[in-house]
Amino acid sequence: MAAITLKHINKEYGDGYAAVKDVSLDIGDGEFMILVGPSGCGKSTIANAILRLLRDPAVIAGGSIRFAGTDVLALSAEQLRDFRTCARRQVGWQNSDLK
C-alpha cells in the first residue's frame, strides 16, 4: 500500500487556469521520492497539495489525495490542522537552487 497516493490531481486558479493537470503518483511507505523539473513546472505545487497548503485563489479542482489511508481532501479545518502536525514529521522537503 502506498503511503501517499495522488490520483488525477488538477490544481486551478479562480480564472480556470490549470497549473497542474492530471497528476497521479504513488509513494510507498519508506520510499524516497524526488520531483525534478524546470522552474514553474509544478513541483512545489504538488508538494503543497499533499498537505493542502495551496494559497487562494488556487484550488484542487479534481482528483484525490490519500496520505497513510486518510482522504486529505475530505478533512475539516480542525482535522487538517491535526493531520498536518503528524504529516510534517513524516515528510521532508528540500527546496534548492543549483546556480
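None of the values given here were measured: they were computed from a predicted structure.

## As for the side chain of T5
Step number 1: Mapped onto the secondary structure, T5 falls in strand 1 (residues 2–12).
Step number 2: Side chain to side chain, T5 and D26 meet in a polar contact 3.1 Å long.
Step number 3: Not counting residues up to four positions away in its chain, the partners in contact with T5 are L25, D26, S64, I65 and R66.

## Describing unusual backbone geometry
Step number 1: A cis amide bond, omega 5°, links D56 with the succeeding residue P57.
Step number 2: Here P57 shows up in the loop between helix 1 (43–50) and strand 3 (59–67).
Step number 3: Even without being glycine, H8 reaches a positive phi, approximately 55°.
Step number 4: By secondary structure assignment, the location of H8 is in strand 1.
Step number 5: Of note, A68 is a non-glycine position whose phi angle comes to about 50°, a positive value.
Step number 6: As for its placement among the helices and strands, A68 is situated in the loop between strand 3 and strand 4 (70–71).

## Section: a nonpolar patch on the surface
Step number 1: Taken together, the side chains of F32, I34 and V36 present a nonpolar region at the surface, about 420 Å² in accessible area.
Step number 2: For V36, a relative accessible area of 74% translates into the label exposed.

## A look at helix 1
Step number 1: Turning to helix 1, its buried residues number three or more, namely T45, I46, A49 and I50. The arc enclosing the buried residues of helix 1, seen along the axis, measures out at 140°, which places them on a common side.
Step number 2: A positive phi of about 55° marks R52, the residue just after helix 1.

Thresholds, definitions, all that
Residues numbered from 1 in each chain as written. Predicted model: local features only at pLDDT ≥ 70, side-chain atom pairs only at ≥ 80, totals over all residues. Heavy atoms only, no water. Helix = DSSP H or I, 4+ residues; strand = E, 2+ residues; numbered from the N terminus. Polar contact = N/O pair within 3.5 Å; in protein donor to acceptor, adjacent residues only side chain to side chain. Contact = heavy atoms within 4.5 Å. Patch = residues over 30% accessible without salt bridge, like charges linked within 9 Å, V, L, I, M, F, W, Y side chains within 5 Å. Areas by Shrake-Rupley, 256 points an atom, 1.4 Å probe, with all protein chains shown as cover. Salt bridge = Lys/Arg side-chain N within 4 Å of Asp/Glu carboxyl O. Buried < 20%, exposed > 50% of the residue type's maximum accessible area, 1.4 Å probe, protein only. Arc of directions from axis to C-beta.

Geometry only, nothing functional implied.
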